Every structure is written in C-alpha cells, then in structure tokens.
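The residues making up each chain are set out below.
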Amino acid sequence: MKFASMLKNRKALIGLILFGITVLVALFPGIFTSNHAPDVIGAYSPNLGLSTSHLLGTTSYGQDIYSQLIYGARQVLIIALAAGGFATVLSVLIGITAAYMGGIVDEVLSLCTNVVLILPTFPLMIILARYAGTSNWVMIIVLVATGWSYGANQMRAQALSLRNRDFLEAARVRGERRAYIILFEMMPTMTSLIVANFLGSALYSVLAASGLQFIGLGNTASDSWGTMLYWANSQEALQAGNAMWIVAPGLAIAVLSAAFALMNYAFDEIGNPALRPVRRKDLRKARKGADDAVEKDAVMGAEHVYTDAS
C-alpha cells in the first residue's frame, strides 16, 4: 500500500495529523509544558480557573490540569499501541492458521474464537483487571485477552478465500513448509486488512483502558487520561465548578479515538474500492461519458437506418 494513496484520502490525512500530534506530545512533553512534575499535590491553589498560568485550571489537589493532560498522553499511547499490536498478532496467527490448516485445527481454533467473541467483553475485563492487578502490563494483557477474537474471525474469512489460489498451490508444489506459506505467501496479500485490524484494536484499547481506569481498576497514581477522569469524578469536579478537569481528558480520548477510527476507515476504502465515496467530479465525468455513449449510439443507429433506406 503506497503512502501517497493515504495522503490523497482526507480521512487518512486528518487521522494521521491527529495521531502525529498525539505522538509528538507523548514523546516530547517538555516542549508543551514547563511543569515537569504534574502530580505534585499542593503545588498551586486548588480549583483555579483558566488563566495564562494555568491554561485549563487546577485540580482540587492543586495540580495543573494542562500538565497532567500533556504527560498523560504517553501512557495512553503505550497501552493502545502495545495492546493493539499484540491483539493483532494473535488475531493473525489464529485466524490464518485456522483457515489454512483446516480440519480439526480449524474447528478447535474457531470454537475458541467464537466463545471469546460472544462473552460480554467489558464485564470480563472488569473481573480480570480486578483480580489480576493494576499495572500497565496487566492492563495490556487484559485488553489483548478480550480483544483478539473479532479480528481473528476477519482473518480466517479472508484466508479461506485465498487458501486454494494458484500461488499457494505453487508454494506447496515447491515443497515449502506451512509456516513459510502462512508468513510469507498469505500474510503479505492481507496487509490492508491486518493494518485496519490493528487500528481497530488500538481504538478499542484506548476506550477500554480509559473506561477501566475511570472506574478505578487502573493504576490511580499514574499519569493517564482515564486516571484524570477517575480523580475528577471522585472529587465531584462538575459540582465544584471545575468542568475542565473532566472535559479536557474526555476530549483528548475522543480526539485520539477519532484519529484511529479515521485511519481505519481510510485503510478500508484504500483496500476496498467499493467502499470509496463517489466524488461529484467523478460522478459528472461518469454521467458525461454515459451521455456521450448514448449520443454515439444514436448517431450510429441513424446512419444504419439511412444506409438501409438507400
């Protein structure tokens, strides 16, 4: 898939810009704020309003909301990319292996996939996170364990359509191993679907992780947007007139989720031309071409009639 085709797609371009800004903030937070200790309690007066010194005000604990927002981007991105990546790898391995191997292997893997798929995801995440711990790696494992099944079904369906293609038969005739055929023959033809699945898994991880942190199942001492929402809710920020404590991290989560969603939709459109929207310019060209074809057929018909009459 060419990078130029992504730049031509508006959804992909907007998603890349939003994602790029988030990555820049996560990697270099010191560029955007001079406060390098956003979690220090009592550093400022509590519940201050918006000002040039505190762009988003302060919390009930006297912490700068803007600085917490900047430093919270890193953990959100780490969880989203790690959980999305591991879930995608698991989906690809299980889905493609099930489709290619067939038989009892396909039945067992498909059964496991369908069982996980029909389980109520968020209650299961709450149970796992409650008893497994509150570290970031526990959060990632919980998200991977509950988020791989949908992608695995997609991979299996796509791989089933490729299983009997000529290039795979040629690889079997050459005596290639099954692992080689799966990794180097089938997977490269499914790049668009794999990338789209990763973006969807990352989007799911952002929302699910923020939800778990919001209800207190994450590390409440860490810098994260979901943790900000947890403390804002526990301190009744809205009732205290400190709406930005809730609005700012909620909007940040929405922006990052929108970035992943837009890139996901764009990859679907790039990989599947049937999903691409019809532009007015292209529609006018198609109508003009159809009108020209009708006019040409009419002229040719008139010429045939004149010839027959002669």
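Residues numbered from 1 in each chain as written. Predicted model: local features only at pLDDT ≥ 70, side-chain atom pairs only at ≥ 80, totals over all residues. Heavy atoms only, no water.

Structural notes on the packing of aromatic side chains
Piece 1. Per the stated rule, a full pass over the model turns up five aromatic pairs.
Piece 2. Between Y61 and W245, the aromatic rings sit 6.5 Å apart at their centres with planes inclined by 90 degrees, giving edge-to-face as the arrangement. Pair noted here: Y61 is in the loop between α3 (29-32) and α4 (65-101) and W245 is in helix α13 (residues 244-271), with a separation of 184 residues, a long-range link.
Piece 3. Using a relative accessible area of 1% as the deciding quantity, one classes W245 as buried.
Piece 4. With a centroid separation of 5.1 Å and 35 degrees between ring planes, the pair formed by Y180 and F184 is classed as tilted. You can see Y180 and its partner F184 sitting in helix α10 (residues 178-186), four residues apart, about one turn around the helix.
Piece 5. With relative accessibility at 32%, the residue Y180 sits in the partly exposed group.
Piece 6. Note on F184: relative accessible area 53%, which makes it exposed.
Piece 7. The rings of Y61, Y230, W231 and W245 are connected pair by pair, giving a single aromatic cluster.
Piece 8. When the ring centre of Y131 is taken as reference, the NZ or CZ atom of R130 above it lies at 5.6 Å. (Phe/Tyr/Trp six-rings, centres within 6.5 Å; stacked < 30°, edge-to-face > 60°. Helix = DSSP H or I, 4+ residues; strand = E, 2+ residues; numbered from the N terminus. Buried < 20%, exposed > 50% of the residue type's maximum accessible area, 1.4 Å probe, protein only. Lys NZ or Arg CZ within 6 Å of the ring centre and 35° of its normal.)

Regarding the environment of N9
Piece 1. Inspection of the secondary structure assignment puts N9 in the loop between α1 (3-8) and α2 (10-27).
Piece 2. When near neighbours in sequence (up to four residues on either side) are disregarded, N9 contacts A266, E269 and I270. (Contact = heavy atoms within 4.5 Å.)

Describing the environment of M244
Piece 1. Note that M244 resides in helix α13.
Piece 2. With relative accessibility at 23%, the residue M244 sits in the partly exposed group.
Piece 3. For the pair M244 and L56, spaced 188 residues apart in sequence, the C-alpha separation works out to 6.2 Å.
Piece 4. Filtering out sequence-adjacent residues up to four positions away, M244 remains in contact with L50, L56, I65 and P249.

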